[in-house]
Amino acid sequence: MTAHPYCLAIAVNATALTRLLKEGDVGGYRDTHPWYVATDILAAARAQDTHLYVLLAAGSPLRLSHWAEIEDIEVHSIASTRETRIRMGRTGTVTPLFEELESVTLAPSEWQLERERREGLRVRRIHLEPHWLRPYAICETPAFLAALHSTTPPS
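As the structure is a prediction and not an experimental result, all values here were calculated from the model.

Visitor: For the pattern of salt bridges, give the residues involved together with the corresponding values.
Guide: Per the stated rule, a full pass over the model turns up 11 salt bridges. A salt bridge links arginine 118 to glutamate 114; the nearest nitrogen and oxygen atoms lie 3.3 Å apart. In this pair, arginine 118 and glutamate 114 both sit in helix α3 (residues 110–119), 4 residues apart, roughly one turn of the helix. Accessibility expressed as a relative area gives 62% for arginine 118, which makes it exposed.

Quick look at the structure:
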């Protein structure tokens, strides 16, 4: 399996980050916002036999500190209340080169990708900023996550 071309990014406070990392392979995250599109992205990743990741940003100023593989996303609706639960598996620390939010770019729209492909427009990407992290941002998967799945033949 390889990394999905897109990943998610969220802001977490220090307490939540500590709890997520302490729980390890059974870590979870909850949000009161319904993550419907994220659920669709996870379904697409599964259909393509790829891994979907989430980048965790913490601190002040916000910096990317860790990543986790998303195992499941569930949106629950009870009466007028909605809750999203994200179950995370394998985790790791973000490479220092990618700790700055601006090292990651937001996912381009389908129209932008089509224009780049068909009209020969130069690639234009927007860097991640703190205000896009709530409830979550959809980003292009950074190279260091994609490299987790590259296999280099022994020399």
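Picking up after the structure, the text goes on.
Visitor: Give me the lowdown on the side chain of threonine 50, citing residues and values where you can.
Guide: Looking at the secondary structure, you find threonine 50 in strand β4 (residues 50–51). Of the polar contacts made by the side chain of threonine 50, one reaches the side chain of histidine 4; its length is 3.1 Å. For threonine 50, the residues in contact, after removing those within four places along its chain, are Met1, Thr2, Ala3, His4 and Ala45.

Visitor: Would you mind going over the nonpolar core in detail, with residue names and values included?
Guide: Counting residues in hydrophobic clusters, the biggest one holds 22 residues, and the most contacted among them are Leu8, Val12 and Trp35. At the level of elements, β2 (6–11), α1 (14–23), α2 (36–47), β5 (53–58), β6 (63–78) and β7 (81–93) are the ones that each hand at least two residues to this core. Among the elements that take part in this core, α2 stands out by supplying 4 residues, more than any other. With near-sequence residues (within four places) excluded, leucine 8 lies in contact with Trp35, Ala38, Ile41, Tyr53, Val54, Leu55, Ile70, Ile73, Tyr136, Ala137 and Ile138. Listed in part, the 21 residues of the second largest apolar core include Ala57, Leu62, Ala137 and Phe144.

Visitor: Could you give me a rundown of the sheet that holds strand β3 (residues 28–31), with the residues and numbers involved?
Guide: Adjacent strands of a sheet pair through backbone hydrogen bonds, lying either parallel or antiparallel. One open sheet holds the 6 strands; their spatial order is β3-β7-β6-β5-β2-β8, and the pairing between them is mixed. The open sheet has two edge strands with one neighbour each: β3 and β8 (137–140). Each strand axis lies, on average, 40° off the axis of its neighbour in the sheet, ignoring direction. Sheet analysis places β3 next to β7, joined by 4 bridges and oriented antiparallel. By the bridge assignment for β7, aspartate 31 is matched with threonine 84. Against the sheet, α2 contacts β2, β6, β7 and β8, and its axis sits at roughly 105° relative to β6.

Parameters at a glance
Residues numbered from 1 in each chain as written. Predicted model: local features only at pLDDT ≥ 70, side-chain atom pairs only at ≥ 80, totals over all residues. Heavy atoms only, no water. Salt bridge = Lys/Arg side-chain N within 4 Å of Asp/Glu carboxyl O. Helix = DSSP H or I, 4+ residues; strand = E, 2+ residues; numbered from the N terminus. Buried < 20%, exposed > 50% of the residue type's maximum accessible area, 1.4 Å probe, protein only. Polar contact = N/O pair within 3.5 Å; in protein donor to acceptor, adjacent residues only side chain to side chain. Contact = heavy atoms within 4.5 Å. Core = buried A, V, L, I, M, F, W, Y, C linked by side-chain atoms within 4.5 Å. Pairing = 2+ DSSP bridges. Axes fitted to C-alpha atoms, helices over the stretch in contact; angles between N-to-C directions.

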